[in-house]
Amino acid sequence: MNGMFGGGNTITLFRVRGIRIAVDWSWFLILFLVIFWLSDFYGSLLDQPGSSTEPYLLAVASAAGFFGSIVLHELGHAFVAVRNGIGIDTIRLWIFGGVAQMDRESGSPGVEFRVAIAGPLVTAVIAAVLIAIGIASVGGSAFSDAIQLRVSADANGLTAMVAWLAAVNLLVLGFNLLPAFPMDGGRIVRAVAWKITGKRSAATRFAAGLGRVFGFIFIGVGILITFNGYVFSGIWLALIGFLVNSSARAATMQTAVAGRLEGIRVGDVMDDSPVAIPGDTTIDRALDEYFVRYRWSWFPVVDDRGAFLGLVVRDRIEQIAEIDRQRAVVADHLEDRSRACHISEEALLESVLGNPDMRRFGALMVTDGVGRLAGVITVEQLGRALKPH
Ligand SMILES: [Zn+2]
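Being a predicted model, the structure only gives us computed values, none of them experimental. (Residues numbered from 1 in each chain as written. Predicted model: local features only at pLDDT ≥ 70, side-chain atom pairs only at ≥ 80, totals over all residues. Heavy atoms only, no water.)

Taken as a whole and assessed by the stated rule, the structure comprises 17 aromatic pairs. With a centroid separation of 6.3 Å and an interplanar angle of 70°, the aromatic rings of F66 and W164 are classed as edge-to-face. Taken as a pair, F66 in helix α2 (residues 53–83) and W164 in helix α5 (residues 157–177) lie far apart in primary sequence, 98 residues in all. Of the residues examined, W164 reaches a relative accessible area of 8% and is grouped as buried. By the ring-pair criterion, three or more aromatic residues cluster together here, those being W94, F96, F175, F214, F218 and W236. One Lys or Arg, R17, reaches over the ring of F79 and ends 4.6 Å from the middle of that ring. (Phe/Tyr/Trp six-rings, centres within 6.5 Å; stacked < 30°, edge-to-face > 60°. Helix = DSSP H or I, 4+ residues; strand = E, 2+ residues; numbered from the N terminus. Buried < 20%, exposed > 50% of the residue type's maximum accessible area, 1.4 Å probe, protein only. Lys NZ or Arg CZ within 6 Å of the ring centre and 35° of its normal.)

For the zinc ion, the protein coordination sphere consists of H73 (NE2), H77 (NE2), D184 (OD) and D184 (OD), at 2.0 to 2.7 Å. If you look at the zinc ion, its 4 donor atoms make angles of 53 to 152° with each other, and the shape they trace is irregular. Donor residues for the zinc ion, ordered by position in the chain, follow H-x3-H-x106-D. Residue H73 and its partner H77 are both found in helix α2; the two are separated by 4 residues, about one turn of the helix. You can call H73 buried: its relative accessible area is 4%. (Donors = N, O, S within 2.8 Å, 3.2 Å for Na, K, Ca; no water. Tetrahedral: all angles 85-135°; square planar, octahedral: opposite > 155°, others 65-115°.)

Taken as a whole and assessed by the stated rule, the structure comprises 13 salt bridges. For E346, the salt bridge identified is with R265, shortest N-O distance 2.9 Å. Of this pair, E346 sits in the loop between β8 (342–344) and α12 (356–361) while R265 sits in the loop between α8 (231–261) and α9 (266–269), and the two are 81 residues apart along the sequence. Between D324 and R327 there is a salt bridge, with its nearest N and O atoms 3.3 Å apart. Linked through salt bridges whose partners overlap, the residues forming this network are E112, R187 and R190. (Salt bridge = Lys/Arg side-chain N within 4 Å of Asp/Glu carboxyl O.)

Between helix α3 (residues 109–138) and helix α4 (residues 140–147), the least distance of the axes is 7 Å, while the angle of their chain directions is 130°. In this view, α3 runs oblique relative to α4, as classed from their interaxial angle. Considering only the axes of α3 and α4, their crossing is right-handed. Together, L130, I131, G134, I135 and V138 of α3 and G140, A142, F143 and I147 of α4 make up the contact between the two elements. (Axes fitted to C-alpha atoms, helices over the stretch in contact; angles between N-to-C directions. Parallel < 35°, antiparallel > 145°, perpendicular 65-115°, else oblique. Left-handed = near helix turned anticlockwise from the far one by under 90°. Contact = heavy atoms within 4.5 Å.)

Interpretation in functional terms is not warranted from these geometric data alone.
Here it is, written out as structure tokens:
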């Protein structure tokens with residue numbers, strides 16, 4: 001799930017193999033509530049007031065364990081993603097759990113499946129280890145009581161903490177495995193449907209449809225719980241439902257857009273007779289014969305063989321002193337990094353979406369197999385291709 005509610009201010013806690021672990025303010029609310037609620041719980045378990053030292057320390061240790069469990073879950077996703085060539089810059093923790101922010105979507109159903117299941121697998125291992133520790137220290141039946149948060153006569157603080165963490169990890173596991181795309185279980189469903197049909201967009205539509213249904217169920221159950229007195233949990237679940245529902249709807253809309261672009265190449269929609277300035281043109285001629293005449297704010301520059309060199313921008317060359325304009329040539333005054341603003345005419349139109357240079361100049365230069373300028377694709381042309389036809 002990506003940041004629909006404030007992806008804004010995060011605090012970096014530490015880095016693991018280059019991945020930034022960051023939290024936002026809403027995560028502290030969860031930690032505060034966990035500590036507040038657990039101090040009380042451990043207090044009544046140990047027959048001490050919740051404000052005394054031992055229940056409080058147990059509550060803080062439990063909150064730290066909860067934090068560690070969620071980070072390990074996300075690192076599970078992240079390591080598998082990185083191993084499959086998907087970049088992960090940040091793992092962000094917020095009020096609705098953790099998000100490993102991937103720089104692109106998986107390219108095959110196998111990768112999608114492995115990335116999606118890695119987190120729940122880590123959580124399952126954590127729960128199994130905690131349960132094994134608990135059973136080894138107090139025996140099966142006493143630990144079974146503890147994991148159901150039942151207060152037993154010979155309750156001991158550490159066992160209760162291990163039991164609480166095991167229970168929380170089981171809850172996280174079960175919740176994440178619900179087929180509510182874009183949650184883990186929904187991604188697993190998408191990977192399986194993708195594998196069976198061979199079509200990513202059809203699989204996404206199917207998984208997202210299920211996600212929307214689950215979103216509505218979460219909202220309904222959340223409202224029900226709220227009116228039964230569990231106000232925080234109820235509102236929290238309803239908001240998750242809202243988030244799941246809108247992310248699923250956005251995914252459906254994205255596949256509709258990508259579907260319209262499917263198979264169309266940049267060369268099919270570009271303007272194939274772009275006006276370009278030869279690199280040896282002097283600045284004053286470029287201003288007179290191109291900028292004044294066409295009134296554009298930039299032009300592509302080509303060498304004598306037609307190879308794309310970069311862009312020349314009006315605001316920039318107008319700053320050149322009048323006396324230098326007769327000798328200086330445009331090839332020596334190209335815009336910084338503008339040489340990279342090109343794309344192959346064979347590239348799929350999909351790849352133009354989200355290209356940062358497209359946003360910078362409102363267009364991309366299109367080059368042929370040997371680097372010659374073959375055309376220009378503008379935001380308007382892309383927009384026309386995106387319209388339903
Ligand atoms: Zn996950």
